[in-house]
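Spelled out from the first residue to the last, the chains are:
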Amino acid sequence: MWKIENTDTIAAISTAVSESGIGVIRISGPDAVEIADRVYRSPGGKKRLAKVETHTIHYGYIVEPDAAVNALQSKPADVIDEVLVSVMRAPRTYTAEDVVEISCHGGVLAVTRVLDAVLKAGARAAQPGEFTKRAYLNGRIDLTEAEAVMDVIESKNRFALQNAVSQVQGTLYRRIEKVRKEMLYQSAHIEACLDDPEALSFESYLPEFSSAVQRWTKELSALLATADSGRLMQEGIRTAIVGKPNAGKSSLMNLLLGEDRAIVTPVAGTTRDVLTETITVGGMTLIVTDTAGIRETDDLVEKIGVQRAKGAIGRADLVLYLIDSSTCIDTEDREILNLIQGKKIIILQNKTDLHTMTDERQIRRMASEAGLGDGIPVLPFSATEKTGLDELVSALRTMFFDGKLSFNDEIVITNARHKELLKRALESLKQLSESIDSQMPEDFYTIDLMSAYEALGEITGQEAGEDLVNEIFSRFCMGK
Ligand SMILES: Nc1nc2c(ncn2[C@@H]2O[C@H](COP(=O)(O)OP(=O)(O)OP(=O)(O)O)[C@@H](O)[C@H]2O)c(=O)[nH]1
Ligand SMILES: [Mg+2]
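What you are looking at is a predicted structure, and each value in this text was computed from that prediction instead of being measured. (Residues numbered from 1 in each chain as written. Chains lettered and ligands numbered in written order. Predicted model: local features only at pLDDT ≥ 70, side-chain atom pairs only at ≥ 80, totals over all residues. Heavy atoms only, no water.)

K.L.:
What am I meant to see in the overall build of the protein chain here?
P.N.:
Each helix and strand in the protein chain was counted, giving 16 helices and 15 strands. Computed over the C-alpha atoms, the radius of gyration of the protein chain is 30 Å, more than 25% above the 23 Å expected from 2.2 N^0.38 for a compact globule of 480 residues. Dimensions of the protein chain, computed from the C-alpha atoms along their principal axes, are close to 85 × 85 × 35 Å. Counting all 480 residues of the protein chain, 48% fall into the buried class. Counting contacts in the protein chain only where the partners sit at least 6 residues apart, residues at least 24 apart contribute 69% of the total. Of the roughly 22900 Å² that the protein chain leaves accessible, carbon and sulfur atoms contribute 51%. Charge separation in the protein chain, taken as the distance between the mean sites of 54 positive and 72 negative side-chain charges, equals 5 Å. (Helix = DSSP H or I, 4+ residues; strand = E, 2+ residues; numbered from the N terminus. Rg over C-alpha atoms; globule rule 2.2 N^0.38 Å. Buried < 20%, exposed > 50% of the residue type's maximum accessible area, 1.4 Å probe, protein only. Contact = heavy atoms within 4.5 Å. Areas by Shrake-Rupley, 256 points an atom, 1.4 Å probe, with all protein chains shown as cover. Lys, Arg positive; Asp, Glu negative; His and termini not counted. Charge placed at Lys NZ, Arg CZ, Asp CG, Glu CD.)

K.L.:
Looking at this structure, I do not really get the site of ligand 1. What am I missing?
P.N.:
Contacts to ligand 1 come from 23 residues, most closely from Lys249, Ser251, Gly269, Thr270 and Thr271. For ligand 1, a nitrogen atom lies 2.8 Å from a polar atom in the side chain of Asp353. In the environment of ligand 1, a nitrogen atom lies 2.8 Å from a nitrogen or oxygen atom belonging to the side chain of Thr384. Burial of ligand 1 by the protein chains amounts to 89% of its free accessible area of 650 Å². Per element, the largest residue contribution to the shell around ligand 1 is three residues, and it comes from helix 9 (residues 249–257). (Near = heavy atom within 4 Å. Polar contact = N/O pair within 3.5 Å; in protein donor to acceptor, adjacent residues only side chain to side chain.)

K.L.:
Explain a nonpolar patch on the surface to me, please; I cannot follow it from the model alone.
P.N.:
Taken together, Ile57, Tyr59 and Leu84 make up a surface patch of nonpolar side chains, about 290 Å² in accessible area. Structurally, Tyr59 is set in strand 4 (residues 56–63). You can call Tyr59 partly exposed: its relative accessible area is 36%. (Patch = residues over 30% accessible without salt bridge, like charges linked within 9 Å, V, L, I, M, F, W, Y side chains within 5 Å. Salt bridge = Lys/Arg side-chain N within 4 Å of Asp/Glu carboxyl O.)

K.L.:
What is the right way to read the coordination of the magnesium ion (ligand 2) from this model?
P.N.:
For a metal bound by four donors in a tetrahedral arrangement, the ideal donor-metal-donor angle is 109.5 degrees, while six donors in an octahedral arrangement ideally sit at 90 or 180 degrees. Protein coordination at the magnesium ion (ligand 2): the donors are Ser250 (OG) and Thr271 (OG1), at 2.0 to 2.1 Å from the metal. Remark: Thr271 occurs in the loop between helix 9 and strand 11 (275–281) and Ser250 occurs in helix 9; sequence separation between them is 21 residues. For the pair shown, Ser250 and Thr271 are each scored as buried. (Donors = N, O, S within 2.8 Å, 3.2 Å for Na, K, Ca; no water.)

K.L.:
What is the right way to read the pairing of strand 12 (residues 284–290) from this model?
P.N.:
It is a general feature of regular strands that their side chains alternate between the two faces of the sheet. Among the seven residues that make up strand 12, six are buried, leaving the element largely enclosed by the rest of the structure. By the bridge criterion, seven bridges tie strand 11 to strand 12 in an arrangement that is antiparallel. Paired with Thr280 across the two strands is Thr285, which belongs to strand 12. Linking two consecutive strands that pair antiparallel, namely strand 11 and strand 12, is a turn of two residues; a positive phi of about 50° is found at Gly282 within it. (Pairing = 2+ DSSP bridges.)

K.L.:
What should I look at first to understand the pairing of strand 14 (residues 344–350) in this one?
P.N.:
Judged by how many residues are buried, strand 14 sits mostly within the fold: six of seven residues are covered. Summarising the sheet, strand 13 (residues 318–324) and strand 14 pair through seven bridges and their orientation is parallel. Residue pairing across strands places Leu322 opposite Leu348, the latter belonging to strand 14. The pairing of strand 14 with strand 15 (residues 378–380) spans three bridges and is classified as parallel. Looking at the pairing, Gln349 lines up with Pro380 of strand 15. Regarding topology, helix 12 (residues 360–369) serves as the crossover connection from strand 14 to the parallel strand 15, and that connection is right-handed. (Right-handed = clockwise from strand over helix to strand, strands pointing away.)

K.L.:
Sorry if this is basic, but what is going on with the packing of aromatic side chains here?
P.N.:
For any pair of aromatic rings, the description consists of the separation of the ring centres together with the inter-plane angle of the planes. Considering all chains together, one arrives at five aromatic pairs under this definition. Their ring planes at 35° and their centres at 6.0 Å tell us that Tyr136 and Phe473 sit as a pair that is tilted. With Tyr136 in helix 3 (residues 130–137) and Phe473 in helix 16 (residues 466–474), the pair connects residues that are 337 residues apart, well separated along the chain. Here the two residues Tyr136 and Phe473 agree in accessibility, since each one is buried. Here the aromatic rings of Phe473 and Phe476 are separated by 5.1 Å at their centres, their planes lie at 40°, and the arrangement is tilted. Side by side, Phe473 and Phe476 carry an identical accessibility label, which is buried. What links up through ring pairs into an aromatic cluster is the set Tyr136, Phe473 and Phe476. A cation sits over an aromatic face here: Arg140 above Tyr94, 5.3 Å from the ring centre. (Phe/Tyr/Trp six-rings, centres within 6.5 Å; stacked < 30°, edge-to-face > 60°. Lys NZ or Arg CZ within 6 Å of the ring centre and 35° of its normal.)

K.L.:
Mind showing me how you'd approach the sheet that holds strand 8 (residues 99–105) here?
P.N.:
Strands in a sheet are paired, the pairing made by backbone hydrogen bonds, and the direction either parallel or antiparallel. Judged by pairing direction, the sheet is mixed, and its seven strands sit side by side in the order 3-4-7-8-2-1-9 without closing on themselves. At either end of the open sheet lies a strand with only one pairing partner, and these are strand 3 (40–41) and strand 9 (124–125). Bridge count between strand 7 (residues 79–88) and strand 8: five bridges; the pairing is antiparallel. In the strand pairing of strand 8, Ser86 is matched with Glu101.

K.L.:
Would you mind going over the environment of Ala247 with me for this structure?
P.N.:
Relative to the helices and strands, Ala247 is located in the loop between strand 10 (237–243) and helix 9. The exposure class assigned to Ala247 is buried, which follows from its relative accessible area of 1%. When the C-alpha atoms of Ala247 and Ala268 are compared, they prove to be 8.6 Å apart, with 21 residues separating the residues in sequence. Setting aside its immediate chain neighbours within four residues, Ala247 contacts Leu322, Asp324, Asn350 and Lys351.

K.L.:
Can you help me understand the nonpolar core in this one?
P.N.:
Grouped burial of nonpolar side chains is what soluble globular proteins tend to show. One finds Leu252, Ile346, Leu348, Leu392 and Leu396 to be the most contacted residues of the largest nonpolar core, which totals 33 residues. Of all elements in the fold, only helix 8 (227–235), strand 10, helix 9, strand 11, strand 12, strand 13, strand 14 and helix 13 (389–401) reach the threshold of two or more residues within this core. No other element matches helix 13, which puts six residues into this core. With 31 residues, the next largest nonpolar core counts Val179, Phe209, Ala227 and Ala425 among its residues. (Core = buried A, V, L, I, M, F, W, Y, C linked by side-chain atoms within 4.5 Å.)

K.L.:
What is the right way to read the sheet that holds strand 11 from this model?
P.N.:
With respect to topology, six strands assemble into an open sheet ordered 11-12-10-13-14-15, the strand pairing being mixed. Single-partner strands in this sheet number two, and they are strand 11 and strand 15. Averaged over all pairs of adjacent strands, the angle between their axes in this sheet comes to 25°, without regard to strand direction. Note: strand 10 against strand 13, five bridges, orientation parallel. Along strand 13, the bridge assignment pairs Thr239 with Leu318. (Axes fitted to C-alpha atoms, helices over the stretch in contact; angles between N-to-C directions.)

Pasting the structure below:
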């Protein structure tokens, strides 16, 4: 892995720049304490941060660099803000370098003026993600841990958060490194056999090697298998609410949102445009799109709305198909079923508080005639009475997360980069197995073994080049 040399000292605002209780300016690098001393004044004017114990907090003021102390009041001239300063010396810090954090009053002006003073005192403005990048380059964390830091910040629900926090602590790293260590060991063994065929027989070693390859394949496949639910957990399930005009789509949207966001009227054809909102139900994130009721129409605006509804179906991970059970199903319902072929579908039999004209049996028959299979959940629902929501949530869990949404000790792959590299490693292992089966010469084995090893190393960062690392950290937010 490449390293940074002669690092300079960087600083940035690490909290949101908005009206808030406190704001934090973080400084990291070899001169962090010295730079902080140029802008810090203790109440008595005598304390030097250079002299304090590591991991201690100090009350005082931030002033323009090297401003004089006003002797009469023993209060520094040109006070920018009243602060608490944390001094943390390397190596037990976020970046593994000397770190000083200045907690000042929140609000745009205070934090930017404190940062300006720190920059004037000799720090360089940090790039987005530069603190975490230093933690990585200084070897305190690996790449999966660094990437998980950003996932923690961006978590949309508590399961995504739980998974990200566990990856920050290195769970994925350890799983991958365990496999990599074994691979290295086995490859050394093969080399030894090749070097000294007299002493070490490759033949007798082959069963062990081949069972190791199977074990790795199983382990990595299990990780890869979590990637689909991982993406849905992380980013949310793209959900399209579809149905005929007046089925109650916008009412369902509002119910899920807990507010009157979409216009609801008894007029068929109320919703014209698509409306998308992110919501959390039962711990899952849904990116829900309310669409225009689908029907043949001459109205130009409504036509465009129907077109957009079809587009939303195309992009959806899930279609919530609403049927107004107080009316009869007709050819338009059949057309909608044709449109949503091949999608994951939950049918909601809405308006069950009214007199039933269409029951579950009829809906199932229609779905099966349309060739949609028998497994589709059909759930009684009432958007106005708010009944059926719990059943909907549990159907979602079954459909997308095998019914369980607790990832306590399980590692879930949520990162597209990790997913691609796992696939690449598995591809190499597959070739390796084929070479073993067709009794290819041994030196073929190490080539595939090493390419699997390197793909895994790119996940943890052991084999990641400078460009990749730069790209990953450029996606970070400022001050992290
Ligand atoms: N009784 C009853 N009425 C409902 C229910 N859900 C929706 N409605 C009513 O049905 C009418 C249409 O509801 P919307 O939510 O606007 O239906 P929509 O599917 O969005 O309609 P379009 O936007 O025109 O496609 C409104 O008068 C709602 O109050 C329900 O579960 N029970
Ligand atoms: Mg509507």
